[in-house]
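Below, each chain spelled out in residue letters.
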Amino acid sequence: MWIQRTPEEEAQWQQSAEQDARSHGLMIGILAWSFVVLALSAGWMVSFSTGVVVQRSFGGTFWMRLLIFGLLGSPVIFIARRAESRKALRKSRLRTICPKCDTAAEGNAGATCQCGGAFVPASTMKWVE
Ligand SMILES: [Zn+2]
């Protein structure tokens, strides 16, 4: 059954949710960065007006460009990480549960469930056998 979390347990939940969100954000950040850096280093530019990928040479060898764009592009990691971890954290905070029938939902805390129960934020409840 679902029982109410103690304030300490709720704080713990917040902490682990933040940690999860941060590592998720970092992963997305690194993915975005490697994609951008590799594409630029290979000389691929997406022409936004036409939507086609065109090859453009920036001069230098591939590895030289990889190094330069890697450094120039590193803020991408931080920007994407911040945006993505905020998004992930917001999402986990929005998660709700109906303790009566075990239905999970999102962003409807306080709403009435089909079973007559009420949705509460998942952060305030925990499952015990
Ligand atoms: Zn319900």
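You'll find the structure just up there.
Calculation notes
Residues numbered from 1 in each chain as written. Predicted model: local features only at pLDDT ≥ 70, side-chain atom pairs only at ≥ 80, totals over all residues. Helix = DSSP H or I, 4+ residues; strand = E, 2+ residues; numbered from the N terminus. Rg over C-alpha atoms; globule rule 2.2 N^0.38 Å. Buried ≥ 20, exposed ≤ 12 C-beta atoms within 10 Å, placed from the backbone. Pairing = 2+ DSSP bridges. Axes fitted to C-alpha atoms, helices over the stretch in contact; angles between N-to-C directions. Left-handed = near helix turned anticlockwise from the far one by under 90°. Nonpolar A, V, L, I, M, F, W, Y, C, P; charged D, E, K, R; others polar. Expected span 1.5 Å × (residues − 1). Arc of directions from axis to C-beta. Contact = placed C-beta atoms within 7 Å. Parallel < 35°, antiparallel > 145°, perpendicular 65-115°, else oblique.

S.K.: Outline the overall build of the protein, supporting the account with residue identities and numerical values.
M.R.: Scanning the protein from N- to C-terminus turns up three helices and seven strands. Listing each helix as α and each strand as β along the protein from the N terminus yields β-α-β-β-α-α-β-β-β-β. The globule rule puts the C-alpha radius of gyration for 129 residues at 14 Å, and the 22 Å found for the protein is more than 25% above it. C-alpha extents for the protein along the principal axes are approximately 65 × 35 × 20 Å. In the protein, which comprises 129 residues, the proportion classed as buried is 12%.

S.K.: Give me the lowdown on the environment of valine 52, citing residues and values where you can.
M.R.: Secondary-structure assignment places valine 52 in the loop between strand 2 (44-46) and strand 3 (53-55). Overall, the presence of 9 C-beta atoms within 10 Å leaves valine 52 in the exposed class. Separated by 64 residues in sequence, valine 52 and glycine 116 have C-alpha atoms that sit 54 Å apart.

S.K.: Which residues make up the pairing of strand 5 (residues 103-106), and what are the values?
M.R.: Direction of pairing for strand 4 (residues 95-98) relative to strand 5: antiparallel, over a ladder of four bridges. Of the residues in strand 5, the one forming a bridge with threonine 96 is alanine 105. Following strand 4, the chain reverses through four residues before pairing antiparallel with strand 5; aspartate 102 in that reversal takes a positive phi of roughly 70°.

S.K.: So what about the packing of helix 1 (residues 7-41) against helix 3 (residues 75-94)? Which residues, and what values?
M.R.: In a packed pair of helices, the relevant descriptors are the angle between the two axes and the axis-to-axis distance. Between helix 1 and helix 3, whose axes approach to 7 Å, the crossing angle comes to 140°. Note that helix 1 runs across helix 3; the crossing there is right-handed. Counted by class, the contact of helix 1 with helix 3 contains 14 nonpolar, five polar and six charged residues.

S.K.: Could you give an account of the pairing of strand 4, naming the residues involved and the relevant values?
M.R.: In terms of strand pairing, strand 4 meets strand 6 (residues 120-121) through two bridges, oriented antiparallel. Along strand 6, the bridge assignment pairs threonine 96 with proline 121.

S.K.: Which residues make up the sheet that holds strand 4, and what are the values?
M.R.: Strand order in the open sheet formed by three strands is 5-4-6, and the pairing between neighbours is antiparallel. The open sheet has two edge strands with one neighbour each: strand 5 and strand 6.

S.K.: I'd love a proper account of helix 3, names of residues and values included.
M.R.: For helix 3, which comprises 20 residues, the first-to-last C-alpha distance of 29 Å matches the rise-based estimate of 28 Å (1.5 Å per residue) to within 8%. Listed in full, the buried residues belonging to helix 3 are Ala80, Arg81, Glu84 and Ser85. Axial view of helix 3: buried residues confined to an arc of 125°, hence all on one face. Facing away from the buried side of helix 3, by more than 90 degrees, are the exposed residues Pro75, Ile79 and Arg90. As for helix 3, its buried residues are in contact with helix 1.

S.K.: Help me get a handle on unusual backbone geometry, residues and values and all.
M.R.: Phi is positive for aspartate 102, which is not a glycine, with a value near 70°. Structurally, the position occupied by aspartate 102 is in the loop between strand 4 and strand 5.

S.K.: For the packing of helix 1 against helix 2 (residues 62-73), give the residues involved together with the corresponding values.
M.R.: Between helix 1 and helix 2, the least distance of the axes is 8 Å, while the angle of their chain directions is 140°. Relative to helix 2, the element helix 1 lies oblique. As helix 1 packs across helix 2, the resulting crossing turns out to be right-handed. Residues Trp33, Val36, Val37, Leu40 and Ser41 of helix 1 lie in contact with helix 2, whose contacting residues are Phe62, Arg65, Leu66, Phe69, Gly70 and Gly73. Per-class residue counts for the contact of helix 1 with helix 2 are seven nonpolar, three polar and one charged.

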